[in-house]
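Read off the chains here:
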Amino acid sequence: MTGILAADSAHEAVERASTAAADGGIHSLAWLLIAFPLLGAAILLLAGRRADRWGHWLGAAASLASFAVAVAAFTQLLGYAPEERSRIVPVYQWISTGSFTVDVNLLLDPLSISFALLITGVGSLIHIYSVGYMAHDEGRRRFFGYLNLFVAAMLTLVLADNFALLFVGWEGVGLASYLLIGFWQHKPSAAVAAKKAFVVNRVGDFGLLIAIMIMWSVFGTVAFGPVFEHIGEADQFTVTVIGLLLLLGACGKSAQLPLQSWLLDAMEGPTPVSALIHAATMVTAGVYLIVRAGLIFEASPVAQTTVAVVGAATLLAGAIIGCAKDDIKKALAGSTMSQIGYMVLAAGLGPIGYAAAIAHLLTHGFFKAGLFLGAGSVMHGMNDEVNMRRYGGLRKHMPVTFATFGIGYLAIIGLPPLSGYFTKEGIIESAWLRGDAFGFTLAGIMLLTAGLTAFYMSRIMFLTFFGPKRWAEGAHPHESPGSMTIPMVILAVGSVALGGLLVLVFHFAEFIAPVTGAEVHHFNPLSPTGLVALGLMVAGVAVAWVMYGRAPAEKLATAPRGSVFTRAARADLYGDALNESLLMRPGQRLAHASVAVDDHGVDGIVNGLAGAVRGLSGRLRLQQSGFARSYALSMFFGAALVVGAMLVVQL
Amino acid sequence: MNTLTVAGSLAAPPFQPPDIDYGLLLPMLVVFTAGVLAVLVEAFAPREVRRSFQVGLSLLAVGAAFGLTLVQAASPQLPETGGILVAGGTVAVDRPTLFLQAVILLLSFVSLLLIAERRVGDGSFAAEAAAVPGSEEERQGILAGREHSEVYPLVLFAVLGMLLFPAANDLLTMFIALEVLSMPLYLLCGLARRRRLLSQEAAVKYFLLGAFSSAFFLFGIAMIYGYAGSVRLSAIADAAAAAGGGEVLLLLGIALIAVGLLFKIGAVPFHNWKPDVYQGAPTPITAFMASVTLVSAFGAMLRVFYVAFGAMAWDWRPMIWVVAILTMVVGAVVAVTQTNVKRLLAYSSVVHAGFILTALAATSAQGLGASLFYLAVYGFSTIGAFAIVTLVRDSQGEAVRLDQWRGLARRSPLLALSFALFLLGFAGIPLTSGFIAKFAVFEAALAAGGTPLVVVGVLSSAVTAFFYARIIVVMFFTGADEPAEEPGSGAAVAESAHAQEAAGGVSVRTRPAPAVTEAAPQVEVVKPGLLSQAVIAIGAAATLVLGVVPQPVLDLATQAAQHLFVR
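No experiment lies behind these values; they were computed from the predicted model shown. (Residues numbered from 1 in each chain as written. Chains lettered and ligands numbered in written order. Predicted model: local features only at pLDDT ≥ 70, side-chain atom pairs only at ≥ 80, totals over all residues. Heavy atoms only, no water.)

(A) Region of interest: the packing of helix α2 (residues 31–46) of chain A against helix α5 (residues 140–159) of chain A. Residues and elements named next belong to chain A. Two elements in contact, α2 and α5, have axes separated by 8 Å at closest approach and are oriented at 155°. Between α2 and α5, the crossing angle belongs to the class labelled roughly antiparallel. For the pair α2 and α5, the sense of crossing is left-handed. Contacts between α2 and α5 involve Leu33, Ile34, Pro37, Leu38, Gly40, Ala41, Leu44 and Leu45 from the first element and Arg141, Arg142, Phe144, Gly145, Tyr146, Asn148, Leu149, Val151, Ala152, Leu155, Thr156 and Leu159 from the second. Residue composition of the contact of α2 with α5, by class: 14 nonpolar, four polar and two charged. (Axes fitted to C-alpha atoms, helices over the stretch in contact; angles between N-to-C directions. Helix = DSSP H or I, 4+ residues; strand = E, 2+ residues; numbered from the N terminus. Parallel < 35°, antiparallel > 145°, perpendicular 65-115°, else oblique. Left-handed = near helix turned anticlockwise from the far one by under 90°. Contact = heavy atoms within 4.5 Å. Nonpolar A, V, L, I, M, F, W, Y, C, P; charged D, E, K, R; others polar.)

Set out below in structure tokens:
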């Protein structure tokens, strides 16, 4: 029942697929994956207003073309034997100075192709959705340009075969995220949120950058293969430092504690952006990094344990925040934090959790994107109202949105046999199977959070689609157009079926095992953790129904003062206050002090020196009187000086 | 045949005419012939076609001479490691000389383009040089749209002198070359079309001080002859080596010859003429002097100090150190308070002479190569910079006060950008040719133990960067209407009062300009003619290309310098 045990897994982890060069076929065209959206972004951003009329379709087409290449590459990869499914595609040599060379190679393997399919697949659906959602926005062409830029950067991130190129993609998605959060930069809140995301991400990026530098100085290379091959030769301390720095990078990108604060504010961006970047793809880049660099974390137990702890803390914190938010997007953002916490925790469990982490990442990409698109659809019909206390009873007015959102909801709370059930259950069981106190603690936290998830998601569901109407004046909710509902329907289908397909039919763990060293264990529908989780889920839904499903309109329309916990959760668990008092204010003080030193000390010396030179200059130029006689005299003295200098040497 | 004995061989009974290889002298002969022809053209060609004739002839001659120089450099006749002595050993043809001559001809060609420009303010040269400034006669000439075309033969003769100067293998030939190049320059300085009194004052000053320095040079030759019994550079070297050096006569001779040469390159304390002359001379002539004359004078100086006095480097190096340090420091410091663009560029030229002196003091092949590269690079940027100076004008002619350049970037962004590029090149900012050049000379100085020189050089570079950046700030970051801060105003008035005094009567409008300092006349940027455009483009391209891919030219200079001068 429990599949391969620990003794075998250690053996399997060593026997990873060796990477071979790509042997033609669609793989040699893998660069097209990135080229299509990159070209799309270039055209859309450079063509100017000329592209306004057809730009959005070009953007969607670029993403779809990339998806087609990804599907073809995936098919070809399946054609190889499992241990041969890791292929290097050389593109060109990027940096070559002396002994330091960086080749731009793409790596096609089960892990990267899974991401590529998710990014281009969900990405294309969101492109199509945005055609309708952004129809009335003046900057629609620019929006699609940024979206394409994001897709290109994200594909660069996951397809890179070395850390340097990965970092390029890493910064690229950061840039796209910044541009898209601040897309409505005329709103001060959006501009501030974009800046905040950028600054917080810099902290994480710095960690990643330093990790890459250490790798270079220790191993002399930054390519995945050689680094992982020689990781065992480095001393324990170095490996731990590299691991912790990589984790810092992952925390920034994936909004994990302590760098979580930007994600909630990032909801200022247009909803498709929240769906694609801040739910389905970019924020999972941290999970990708940890799984990809799995061998580094496996070599350092300290770093690996830290990963699991960070994941556990974030998963709880995100759920608590999600319980208290009245803004539908922020509630979903809290949920995203929490779900990524699950994945990071799973990645921190080591090989036993890798498959579960990535599988949950894929299904989460579908149902969370679907939920965000549903939220966008609701906002679209409610004059951009985001406060759930102003919703209510929308299921009759927006039946398609209700159905698709409902499916996403059932998937995320883990109702069998929808997607979330299979993949979340996989994570909890992985922790449980560790069999030690640490594993049981983690499993306990996850089970508790499963109950919380059921509660806050039901709260969203009931406040939005059930109960009495609490609409603002002038609200005329209506179903969204086809370009928006069709992607939602497709994502809903994925939310229903993907989990079961991945786990039961496709045997996803076996698929990615050769490259990640993931352990394969078979799904157990009657495990104790699964049964407890189901029980807690039912409890969570029931509590939410009592509190929000049956309550009268006047009680729901205004937010109660709430307990200490509620208020803390509304304030993002005081994350911003903490940052402000610990980092921002001291930072400002340091900056002011530096300015003072610079003004009075450094500038004083510089200005004094400049003043002295100027004074000397004014004096010397008086010697330039304009009279030939005085010039001749100075020449004469000069000649005396020259003669003197010659003769004085002889003394 | 005739090796060491030319000077002292009067006793040898049968006079043998020197065997002259005219082929090797061909570049100089071409320029000389063209100069003579140009005088004839001036005498016989009708006025209408004279100018176009002269321009064509000069450009053709200089271009042909350049081509011939290249042919010589590539010819198998030239030995790989040395050179050939021509005309009884008075002229040397070797690789450093050919490099210098090629650069001189190339820069002369570009300068001639600028000299020939007539689209900008009717040209830069006087209509009637002999007419009294402000007289009716002058007005007539201006109305008739005339311009002195004697400029071209004068330039050709100057170029001839400059070609001979670094090639001269004995001190007398060198002196003659010095005079051949200087005399036309004295005249050319006085030919400005506007502000003629200032121009004539500059010419007279230049002439007086030039004659003064020639006297020093000549005295030096006499002493050296007294010591060595010969004026041949190699004979002097041999005599000094045999005696072990250190004799007062020899040292005095070196010192006085150095004074003559240091005057020509404008090293402190022999620099006083430079700002006044650069300001007064017609700007194309200033460009010509600042680039070509500097190359030629440095070429001669390098040859004398490397060949004749090479063995006594320990004796003269401290003196050159003192002069180089003075030159770099005083030039940079005085430039800080300059408010006149032309004077500022003159002081900048003083500082650059100091930088090259640091490489001269190295007395090594590396130092020679670095100097050659520096001279070529600096020449192109300088001509380009002065070409831009001709374009910023007010009713008085060129607007050279720095405050008149405020907001230039807004009116002519491309022009301001080119000027900024030249300034960055002068300041030695990476990715411009100036950086590579400065790096090369300082590297050579360091390798030869000149660390103090390099420290002073880098520090004064920092000072120069300040005033180059100030011009950029004025052009790009100050509006035309807001008052810019003027440094050292008290001293500025003291110095410019004298210049203004001269400028007062110079107005070509024949009425004395009242109180020039009061009203700021409308400054405009003239659209450059094709020739000026070409000059600026060539300068900018050289500054940029030699900064980004300097290797080919750097290799060329290094190879030319590899075996030093022929003895």
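(B) Examining the confidence of the model for chain B more closely. All names here are of chain B. Here chain B averages 87 in pLDDT, while 90% of its residues score no lower than 70. Across residues 1–8, where pLDDT falls below 50, the model places 10 contacts with residues more than four positions away in sequence or in other chains. Long-range and interchain partners of residues 484–519, a stretch whose pLDDT sits below 50, account for 50 contacts in this model, where long-range means more than four residues apart. Scored by ipTM, the complex comes to 0.85, with pTM at 0.63. (pLDDT = per-residue confidence, 0-100.)

(C) Representation of the layout of surface pockets within the structure. Residues and elements named next belong to chain A. Reported here for the second largest pocket is a volume of approximately 740 Å³. Contributing to the lining of the second largest pocket are 26 residues, with Val200, Ser261, Asn579, Glu580 and Leu583 lying nearest its centre. Those elements giving two or more residues to the lining of the second largest pocket turn out to be α7 (188–219), α14 (301–324) and α25 (575–621). Per element, the largest residue contribution to the lining of the second largest pocket is nine residues, and it comes from α25. Here the residues of the lining of the second largest pocket are counted per class, giving 16 nonpolar, five polar and five charged. (1 Å grid on protein atoms, 1.4 Å probe; cavity = no way out; pocket = protein on both sides within 12 Å on 5 of 7 lines; lining within 4 Å. Points joined across faces, edges and corners; volume = space filled by probe spheres on them.)

(D) Region of the structure containing the sheet that holds strand β5 (residues 524–525) of chain B. One open sheet accounts for three strands, arranged β4-β3-β5 (chain B); its pairing is antiparallel. The sheet terminates laterally at β4 (397–398) and β5 of chain B, the two strands that pair on one side only. (Pairing = 2+ DSSP bridges.)

(E) Representation of the interface of chain B and chain A in the model. The partner chain A presents 28 residues to the 49 residues of chain B that form the contact. Summed over both partners, the interface of chain B with chain A comes to about 3,100 Å²; 72% of that surface belongs to carbon and sulfur atoms. The interface formed by chain B and chain A includes zero salt bridges. Elements supplying a minimum of two residues to the side of chain B that touches chain A: α7 (196–228), α9 (248–265), α10 (273–280), α12 (313–335), α13 (341–360), α18 (451–477) and α19 (489–504) of chain B. Here the side of chain B that touches chain A takes 11 residues from α12(B), the largest share from any one element. Across the side of chain B that touches chain A, the residue classes tally to 34 nonpolar, eight polar and seven charged. (Buried area = accessible area lost by both parts, 1.4 Å probe. Salt bridge = Lys/Arg side-chain N within 4 Å of Asp/Glu carboxyl O.)

(F) Geometry of the pattern of salt bridges. All names here are of chain B. This structure, assessed with the given rule, holds 23 salt bridges over all chains. Lys205 is paired through a salt bridge with Glu201; the nearest N and O atoms lie 2.9 Å apart. Of the two residues, Lys205 and Glu201 both sit in helix α7, four residues apart, roughly one turn of that helix. The class of Lys205 is buried, set by a relative accessible area of 6%. Classification of Glu201 by relative accessible area gives partly exposed; the value is 23%. A salt bridge links Arg567 to Asp238, with the nearest nitrogen and oxygen atoms 2.8 Å apart. In this pair, Arg567 is assigned in the segment after α21 (551–561) and Asp238 in helix α8 (residues 233–243), connecting sequence segments 329 residues apart. We classify Asp238 as partly exposed; its relative accessible area is 37%. (Buried < 20%, exposed > 50% of the residue type's maximum accessible area, 1.4 Å probe, protein only.)

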